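Here is how the chains run, residue by residue.
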Amino acid sequence: MLTFHWMEASVLGFLGLLIGSFLNVVIYRIPVMLDAQWKAECSTLDDDEPKPQEKFNLMVPRSRCPHCGHAIRWFENIPVISYVALRGQCAECHKPISLRYPLVELTTAALFFYCGLTWGAHGSALVWSGFAATLITLALIDWDTTLLPDDITLPLLWAGLIGAALQWTPVTLEASLWGAVGGYLSLWLIYWGFKLITGKEGMGFGDFKLFAALGAWFGWQALIPMILMASIVGALVGIAMKYSSGLRAGGVIPFGPFLAGAGLSAMVWGPFALLNFVGM
């Protein structure tokens, strides 16, 4: 049952707007940073002199319009408000800005607000807000690039175990540990079974780690409901994209966004919501 801590929830929701704006940066820049790192490592292995690169991380350079390179000024980067004021266009070239930016900000704010309502002024509210922000980030990075970076999935896994140890999540440390083990091994076995039968890879190793992280947060008992939810929604989306010719080259649909969606649903409605809905 929700405990209505409106003040804490409002503050956390406002923080979620700011965090959501930063998540847009993370979602775009982490894959670019990983690509640069891999190229630098390949150059080292080939004994090539690495080419000097402009410093690029989560802080620098300033965000720019992808169309004209216009450096975004601070008043053009206020969450949601700037998007509305600019009418969804770049201030310089007037090319459209993706609607995804304000949607990420609003979704993050809504989830943070929910965490404030549910847990109030307690460490659990911050822990679950971090969980939500991380899943939003992973879902969109995977959707864009089919990558689930270890730099994000592994800290999420450890956070679940630590949260259970501190009793900030609703599972015991034992259930959290076996949830992580079961989450990883279940998809690992499916991966190898599919590969032995078809000779193809059905998913990436990042999916194993993300499911292990969800097991750490919700316990081993929640693994089957969450994988069912992710699989059903993923199959429906895949069928819809196929018939609408929306599939990318190779027909690849990343599974990470649906695992992340199952995790967020489990946070809001509980991991057994799907089974309860179908009467199981």
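On a predicted model such as this, the values are computed, not experimentally measured, just so you know. Positions within a chain are numbered from 1, following the residues in the order the chain's sequence is written. Per-residue local features of the predicted model are confined to residues with pLDDT of at least 70, and side-chain atom pairs are confined, for both listing and counting, to 80 or more; whole-chain, interface and lining totals are unaffected and use all residues. Working from all heavy atoms in the structure, the side-chain values ignore hydrogens and water.

Asker: Any chance you could break down the state of the cysteines for me, citing the residues and the numbers?
Answerer: Each disulfide is one covalent bond, formed between the sulfur atoms of two cysteines. Any two cysteine sulfur atoms within 2.5 Å of one another count as a disulfide. Overall, the coordinates contain zero disulfides when judged by the stated rule. We note that Cys-90 lacks a disulfide partner, and the nearest cysteine sulfur, in Cys-65, lies 3.7 Å from it.

Asker: I'd like a rundown of the pattern of salt bridges, residues and numbers included.
Answerer: By definition here, a salt bridge exists when the distance from a side-chain nitrogen of Lys or Arg to a carboxyl oxygen of Asp or Glu is within 4 Å. Under the criterion given, the structure shown has four salt bridges. Here Arg-73 ties to Glu-76 by a salt bridge, and the two come within 2.3 Å at their closest N and O atoms. A salt bridge links Asp-150 to Lys-209; the shortest N-O distance between them is 2.8 Å. Of this pair, Asp-150 sits in helix 5 (residues 150-165) while Lys-209 sits in helix 7 (residues 205-218), placing them 59 residues apart in sequence. For helices the rule is a DSSP run of H or I covering at least 4 residues; for strands it is a run of E covering at least 2, with both sets numbered from the N terminus onward.

Asker: Just give me the short version of the side chain of Thr-137, but keep the residues and values in it.
Answerer: Tracing the backbone shows Thr-137 in helix 4 (residues 123-145). Not counting the four nearest positions on each side in its chain, Thr-137 is found in contact with Leu-23, Val-26, Ile-27 and Ile-152. Contact between two residues is taken to exist if any of their heavy atoms lie within 4.5 Å; hydrogens are not considered.

Asker: Got a sec to walk through helix 6 (residues 173-198)? Specific residues and values, please.
Answerer: Helix span, as expected, comes to 1.5 Å for every residue beyond the first. Here helix 6 spans 38 Å end to end across 26 residues, near enough to the 38 Å set by a 1.5 Å rise per residue. Residues of helix 6 that are buried sit in contact with helix 5, helix 7, helix 8 (223-243) and helix 9 (256-269). A positive backbone phi angle near 80 degrees is found at Gly-199, which sits one or two residues after helix 6.

Asker: Which residues make up unusual backbone geometry, and what values do they have?
Answerer: Residue Pro-61 is reached from Val-60 by a cis peptide bond, and omega for that bond is -5 degrees. Relative to the helices and strands, Pro-61 resides in the loop between helix 1 (6-45) and helix 2 (81-85). Despite not being glycine, Thr-146 has its phi angle at roughly 60 degrees, a positive value. Topologically, Thr-146 is positioned in the loop between helix 4 and helix 5.

Asker: Hey, could you go over helix 4 for me, with residue numbers and the actual values?
Answerer: Its 23 residues place the ends of helix 4 33 Å apart at the C-alpha level, agreeing with the 33 Å of an ideal helix rising 1.5 Å per residue. Counted residue by residue, helix 4 has 17 buried out of 23 residues, so it is predominantly covered. Where helix 4 ends, the next residue or the one after it, Thr-146, has phi of about 60 degrees, a positive value. Remark: exposure states derive from per-residue accessible area (1.4 Å probe, protein chains only) relative to the maximum for the residue type, with buried under 20%, exposed over 50%, and partly exposed in between.

Asker: How would you sum up the side chain of Thr-153? Please name residues and give values.
Answerer: Turning to its location among the elements, Thr-153 is positioned in helix 5. We classify Thr-153 as buried; its relative accessible area is 0%.

Asker: I'd like a rundown of the packing of helix 7 against helix 9, residues and numbers included.
Answerer: As a packed pair, helix 7 and helix 9 sit with axes 10 Å apart at the nearest point and diverge in direction by 5 degrees. As judged from the angle between their axes, helix 7 and helix 9 are roughly parallel. Residue-level inspection shows Asp-207, Leu-210, Phe-211, Leu-214 and Phe-218 of helix 7 in contact with helix 9, the latter providing Gly-256, Leu-259, Ala-260, Gly-263, Ala-266 and Met-267. Its residues assigned to classes, the contact of helix 7 with helix 9 shows eight nonpolar, two polar and one charged. A fitted line through C-alpha atoms serves as each axis, taken over the contacting stretch for helices, and the angle formed by two N-to-C directions is quoted from 0 to 180°. Here the angle decides the label: under 35 degrees means roughly parallel, over 145 means roughly antiparallel, 65 to 115 means roughly perpendicular, and every other value means oblique. Note that Gly is not counted as nonpolar here; it falls among the polar residues with everything else outside the nonpolar set of Ala, Val, Leu, Ile, Met, Phe, Trp, Tyr, Cys and Pro and the charged set of Asp, Glu, Lys and Arg.

Asker: Go over the packing of aromatic side chains, please, and point to the residues and values.
Answerer: Two rings belonging to Phe, Tyr or Trp (six-membered ring only in the last case) form a pair when the distance between their centres is within 6.5 Å. Interplanar angles under 30 degrees mark stacking, angles over 60 mark edge-to-face geometry, and anything in between is tilted. Here the structure, examined in full by the defined rule, presents 15 aromatic pairs. Taken together, a centroid distance of 5.5 Å and an interplanar angle of 45 degrees make the contact between Trp-128 and Phe-218 tilted. Linking Trp-128 in helix 4 with Phe-218 in helix 7, this pair joins segments that are 90 residues apart in sequence. Pair check on accessibility: Trp-128 and Phe-218 agree, each one buried. Between the aromatic rings of Phe-131 and Phe-218, the centroid separation amounts to 5.7 Å while the plane-to-plane angle is 75 degrees, which identifies the pairing as edge-to-face. Taken together, the residues Phe-131 in helix 4 and Phe-218 in helix 7 connect sequence positions 87 residues apart. A connected cluster of aromatic rings, assembled from ring pairs, spans Tyr-114, Trp-119, Trp-128, Phe-131, Trp-217 and Phe-218.

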